[in-house]
2 protein chains.
Amino acid sequence: MNIEDIPKNHPRYQSLVTREKLVDFFNKGIVVAHGLVAQGRGEAFDYILGEKSHDFALDAEKVTVAYLLLSQSPIISVNGNYAALAGEEIVELSNSLNVPIEVNLFHRSEERIKKIENYLKDIGAKNIMGSECNKVKLPNLEGPRGIVCENGIYKSDFVLLAIEDGDRTQALRNLGKTVSAIDLNPFSRTAQAASITIVDEAIRATKNMIEFSKELSQLSRCELLKITSMYDNKSILSKAFNQMFVNLKNAYEKGIIFNL
Amino acid sequence: MNIEDIPKNHPRYQSLVTREKLVDFFNKGIVVAHGLVAQGRGEAFDYILGEKSHDFALDAEKVTVAYLLLSQSPIISVNGNYAALAGEEIVELSNSLNVPIEVNLFHRSEERIKKIENYLKDIGAKNIMGSECNKVKLPNLEGPRGIVCENGIYKSDFVLLAIEDGDRTQALRNLGKTVSAIDLNPFSRTAQAASITIVDEAIRATKNMIEFSKELSQLSRCELLKITSMYDNKSILSKAFNQMFVNLKNAYEKGIIFNL
């Protein structure tokens, strides 16, 4: 199906458009086969969550922007799925806050890193690395999935990542970094290991962060610190779980038919 | 990742093996990109359900076998994902009960039908159609997704299908056919439209049906009719929903970390 063929009045128009977008980027070699499976898992959780940005997501997004503004060396770690889903939003966020992007892949291939880097540069990314940096390995992560840029993720004190492998998120946390993770599954190891868990769809999450960055870049350091100090990720995860129960129960009781 | 590289003691070994199997069949042209996304949705629901065959699934599987034995013209409708996941099990079920297979695709291509047919023949399918039958169109289903074999799905009184599109399931029901659907999402339109909903993973479901067929083929017609007459799909769906709530609640309360 082409994106143009999806009827605009389809009740799940946005989700179907996003799915086709991923398949397009798969055909371009930016997303891998496993990324399509991951997208399916995300679709299921987003559907259960009602395909909207709840308060628990907005709170985590706001705190993430505060950290992006406060941190000494923040970075946005971008993989194939995140680039394919929210490339333009990532570039806008990165450029407006002057936070660098590192293209970093679990299913690592230098060719794909170059492709994603070029794609993001084409749509305006100004501060981006991945293919030509000095590479170092994260401790406790075997194989190519441990490789990062020395002046990127390695030296960072704050990492924003999305749809990431649990081992990698944990490895970054073990190095003492603050990690904010966009992940629709609040039970995933990434969601559980992150310092800040954004239980939201990647496009919506990044759009919301762009909005928050306009507001928060007007605040003083002290006011930003107030926002980060009040944040409690356990309570955010609880609210996300609770929303899943409530939505499933409502759908069941009202006889709403899911349409995945 | 290759299947051999997945550590056997990984808590989610079976699910990871299944995922790699799907990606392999994708590379062979049997599964399409959208099939990988569908697999991801299934993984999410199976995870919430605890990745096991619950009583509500076993009941639906048993009744399905009773129908396969009782019906005048039963058929097993097989698409790319079902063939890739459970090809060997489908062939064993089909051969042992002498129920034909029709290869029938939502994302229809004659080449892919031929590929799936050849794959299933290679692993022993004796009674199979799809590419060279007399083709007719189901009413109310536009485009190539409405095409079926006249002496297969069209004339059947009972259809077993898996991971199917909601419109197609509904179209078969509208023709008065009894439809049993393997679908991990009890909220899906297919799950809701089916006469019998098997909320279970396709490999486990088909293996269970092979076991039931050994037991049920010993029974009289009257005993089989007793099994089918006592079946209540609404109660089966209720039990599946309930299991989802219970598992989410337990996982949350026990702090079990999901590992998708």
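Quick caveat, the model's predicted, so the values are computed rather than measured.

1. What about the overall build of chain A?
Along the backbone of chain A there are 11 helices and 8 strands. Computed over C-alpha atoms, the radius of gyration of chain A comes to 18 Å, within 12% of the 18 Å expected from 2.2 N^0.38 for 260 residues, which places it in the range of a compact globule. Counting only C-alpha atoms and orienting by the principal axes, one finds that chain A spans roughly 55 × 45 × 35 Å. Residues counted as buried form 60% of the 260 residues belonging to chain A. Here the analysis covers contacts within chain A between residues at least 6 apart in sequence; of these, 66% occur between residues at least 24 apart.

2. Focus: the interface of chain A and chain B
Residue-level contacts link 33 residues of chain A with 33 residues of chain B. At the boundary of chain A with chain B, total buried surface from both sides reaches about 3200 Å², with 75% on carbon and sulfur atoms. Contact with chain B buries surface across chain A, with Arg41(A), Phe187(A) and Tyr252(A) losing the most and accounting together for 20% of the total. Where chain A packs against chain B, one counts 2 salt bridges. Across the pair Arg41(A) and Glu43(B) runs a salt bridge, and its minimum N-O distance is 2.7 Å. Counting across the chain A and chain B interface gives 6 residue pairs in polar contact (both at pLDDT 80 or more). Sorting the residues of the side of chain A that touches chain B by element identifies helix H1 (13-27), helix H2 (33-49), helix H8 (189-193) and helix H11 (233-254) of chain A as the ones contributing at least two each.

3. A closer look at the relation of the copies chain A and chain B
Each copy superposes on the other: chain A lies on chain B with an RMSD of 0.0 Å after a rotation of 179° and an axial shift of 0.1 Å. On the angle and the small slide along the axis, the relation comes out as a two-fold axis. In terms of proximity to the rotation axis, the leading residue of chain A is Gly40(A), whose C-alpha is 2.0 Å off the axis. Here 100% of the contact residues of chain A are again contact residues in chain B; the copies associate through an equivalent surface.

4. Observations regarding the UniProt feature "binding site: ATP" (unreviewed entry) in chain A
Residues and elements named next belong to chain A. As annotated by UniProt and renumbered to match this structure, "binding site: ATP" (unreviewed entry) occupies Arg19, Arg41, Asp183, Leu184, Asn185, Arg189 and Thr190. On the basis of their most widely separated C-alpha atoms, the annotated residues across 172 residues do not gather in one place, lying as much as 24.0 Å apart. With respect to the helices and strands, Asp183 occurs in the loop between strand E7 (178-182) and H8. Asp183 sits in the buried class, given a relative accessible area of 11%. The contact partners of Asp183, leaving out residues within four places of it in the chain, are Ser188, Thr190, Ala191, Ile198, Val199 and Asp200. A polar side-chain atom of Asp183 sits 3.0 Å from the main-chain amide nitrogen of Asn185.

5. Let's talk about the side chain of Asn104(B)
With respect to the helices and strands, Asn104(B) occurs in the loop between strand E2 (101-103) and helix H5 (110-122). Of note is the side chain of Asn104(B), whose polar atom sits 2.9 Å from the side chain of Arg168(B).

Definitions and limits used
Residues numbered from 1 in each chain as written. Chains lettered and ligands numbered in written order. Predicted model: local features only at pLDDT ≥ 70, side-chain atom pairs only at ≥ 80, totals over all residues. Heavy atoms only, no water. Helix = DSSP H or I, 4+ residues; strand = E, 2+ residues; numbered from the N terminus. Rg over C-alpha atoms; globule rule 2.2 N^0.38 Å. Buried < 20%, exposed > 50% of the residue type's maximum accessible area, 1.4 Å probe, protein only. Contact = heavy atoms within 4.5 Å. Buried area = accessible area lost by both parts, 1.4 Å probe. Salt bridge = Lys/Arg side-chain N within 4 Å of Asp/Glu carboxyl O. Polar contact = N/O pair within 3.5 Å; in protein donor to acceptor, adjacent residues only side chain to side chain. Least-squares fit on C-alpha atoms with pLDDT ≥ 70 in both. UniProt positions renumbered as here; feature names shortened; annotations may be inferred.

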